[in-house]
Amino acid sequence: MRWKLGRAFGIGIYVHWTFALIVGYVLFSSLSAPGQSPVDRAIHSLTFVCAAFGCVVLHELGHALTARHYGIATRDITLYPIGGVARLERMSERPAEEFWIAVAGPAVNVVIAGILLLVSWFSLNAFGSSSLSMAQLIQGNLLIELLVANIWLVLFNLLPAFPMDGGRVLRSLLAHFLGRLRATEIAAQLGVFFAILFALLGFGLVRDWGSNPLLILIGIFTFRAGQQELAFVRYQERQRQAGPLDVLPANADVVDVVPVESDEHFSGPVWDGKARAWVIWRNGRPVRVHWID
Ligand SMILES: [Zn+2]
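Residues numbered from 1 in each chain as written. Predicted model: local features only at pLDDT ≥ 70, side-chain atom pairs only at ≥ 80, totals over all residues. Heavy atoms only, no water.

Asks: So what's going on with the overall build of the protein? Which residues, and what values?
Replies: Looking only at helices and strands, the protein has 8 helices and 7 strands in total. Across the 293 residues that make up the protein, the buried fraction comes to 40%. In the protein, 54% of the contacts between residues at least 6 apart in sequence involve partners at least 24 apart. Taken as a whole, the protein presents about 16700 Å² of accessible surface, with 66% of it coming from carbon and sulfur. (Helix = DSSP H or I, 4+ residues; strand = E, 2+ residues; numbered from the N terminus. Buried < 20%, exposed > 50% of the residue type's maximum accessible area, 1.4 Å probe, protein only. Contact = heavy atoms within 4.5 Å. Areas by Shrake-Rupley, 256 points an atom, 1.4 Å probe, with all protein chains shown as cover.)

Asks: Could you give an account of the nonpolar core, with specific residues and numbers?
Replies: With 21 residues, the main nonpolar core has V49, F53, L61, L79, L88 and I101 as its most contacted residues. Taken together, the elements giving at least two residues each to this core come down to β2 (11–16), α1 (19–32), α2 (38–69), β3 (74–80) and β4 (83–88). Here the element with the most residues in this core is α2; it accounts for 7 residues. Those residues in contact with F53 that lie beyond four places of it in its chain are F19, L79, Y80, P81 and G83. (Core = buried A, V, L, I, M, F, W, Y, C linked by side-chain atoms within 4.5 Å.)

Asks: Summarise the packing of aromatic side chains; cite the residues concerned and give the values.
Replies: Tallied over the entire structure, the rule returns 6 aromatic pairs. On the basis of an interplanar angle of 90 degrees and a centroid distance of 4.6 Å, the ring pair of F19 and F53 is categorised as edge-to-face. On the criterion of sequence distance, the pair formed by F19 in helix α1 and F53 in helix α2 is long-range, its members being 34 residues apart. A single burial state applies to F19 and to F53, both of which are buried. Aromatic pair F194 and F198: ring centres 6.1 Å apart, planes at 45 degrees, arrangement tilted. (Phe/Tyr/Trp six-rings, centres within 6.5 Å; stacked < 30°, edge-to-face > 60°.)

Asks: Residue-level account of the side chain of N109, with values.
Replies: Along the chain, the position of N109 falls in helix α3 (residues 95–127). At 2.8 Å, the side chain of N109 and the side chain of N150 are in polar contact. Once residues lying within four places of it in the same chain are set aside, the contact partners of N109 are C55, H59, N150, L153 and V154. (Polar contact = N/O pair within 3.5 Å; in protein donor to acceptor, adjacent residues only side chain to side chain.)

Asks: Could you give me a rundown of the coordination of the zinc ion, with the residues and numbers involved?
Replies: The protein atoms that coordinate the zinc ion are H59 (NE2), H63 (NE2), D165 (OD) and D165 (OD), at distances spanning 2.0 to 2.7 Å. Coordination geometry of the zinc ion: the 4 donor atoms subtend angles of 53 to 150 degrees at the metal centre, consistent with an arrangement described as irregular. In the primary structure, the donors to the zinc ion are separated according to the pattern H-x3-H-x101-D. One end of the pair, H59, and the other, H63, are both in helix α2, 4 residues apart, so they sit about a helical turn from each other. A relative accessible area of 4% means that H59 is categorised as buried. (Donors = N, O, S within 2.8 Å, 3.2 Å for Na, K, Ca; no water. Tetrahedral: all angles 85-135°; square planar, octahedral: opposite > 155°, others 65-115°.)

Asks: How would you explain the packing of α2 against helix α5 (residues 142–157) if you had to name every residue and give the values?
Replies: The angle between the axes and the distance between the axes are what describe a pair of packed helices. Contact pair α2 / α5: the axes reach a minimum separation of 10 Å and the direction vectors enclose 40 degrees. Compared by their axis directions, α2 and α5 come out oblique. You can see that α2 and α5 cross each other, and the crossing is right-handed. Residue-level contacts link H44, T47, F48, A51, A52, C55, V56 and H59 of α2 to L142, E145, L146, A149, N150, L153 and N157 of α5. (Axes fitted to C-alpha atoms, helices over the stretch in contact; angles between N-to-C directions. Parallel < 35°, antiparallel > 145°, perpendicular 65-115°, else oblique. Left-handed = near helix turned anticlockwise from the far one by under 90°.)

Spatial relationships are all this shows, so hold off on functional conclusions.
Shown next, in the form of structure tokens:
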């Protein structure tokens, strides 16, 4: 379930219901935090969360509009507690295009951070900072908090954890030399390493870091999405060698199978006779391949 927030550049922007958990968590921790009145604290935190996720939407629009430049449409953008997802109709198979589509998201946050830096610098000079300590400024100033959030967005997204942005950048660079399949295999292996690292950090298994459930979810997402995309590239590669999709064998014990080209939201298994594999589709996208050898 998700709610529509609006449209930008003709792309629907949605927020997933689990986002309410973040709002609930922020309100809860505002009430239990010492100092300051809880209402002030809650307003401050909610404003920050909304502004930060506004920056995430702009990040996703960076991907979507660059993809559009290469003739790839975006179905929608959805905000989850772990970040935003722009559902591109497909990922470009040209390494240079994938590189620019991936880089465009973090580049938006670099621009936002630059603007926030300028604005904070001017407002500091205008109002003076002599009466405030640096720590008070960083804790209480929404602009500086947002600046830090945008720097985090850039650094975190550029980690080479395929299929996060940095992982796509890595894959596109490797694909120049190694071909798309080998590049995806290497990027996905590194993605698994980061997924495990995120989960370990999330569970608090590294001393002094505390636990962070969102990081565990990011680890699971990175692992699953990376493995799915690897399976898809392997499947594409196999198909390229074996030719186009074959019709289902007459004795196939499967109902509701339609040619994949006829419905862009198709879900279900399709028998690929030449590749001798079952391809499991979900919402118009192959997600798993079962080789029958
Ligand atoms: Zn991104």
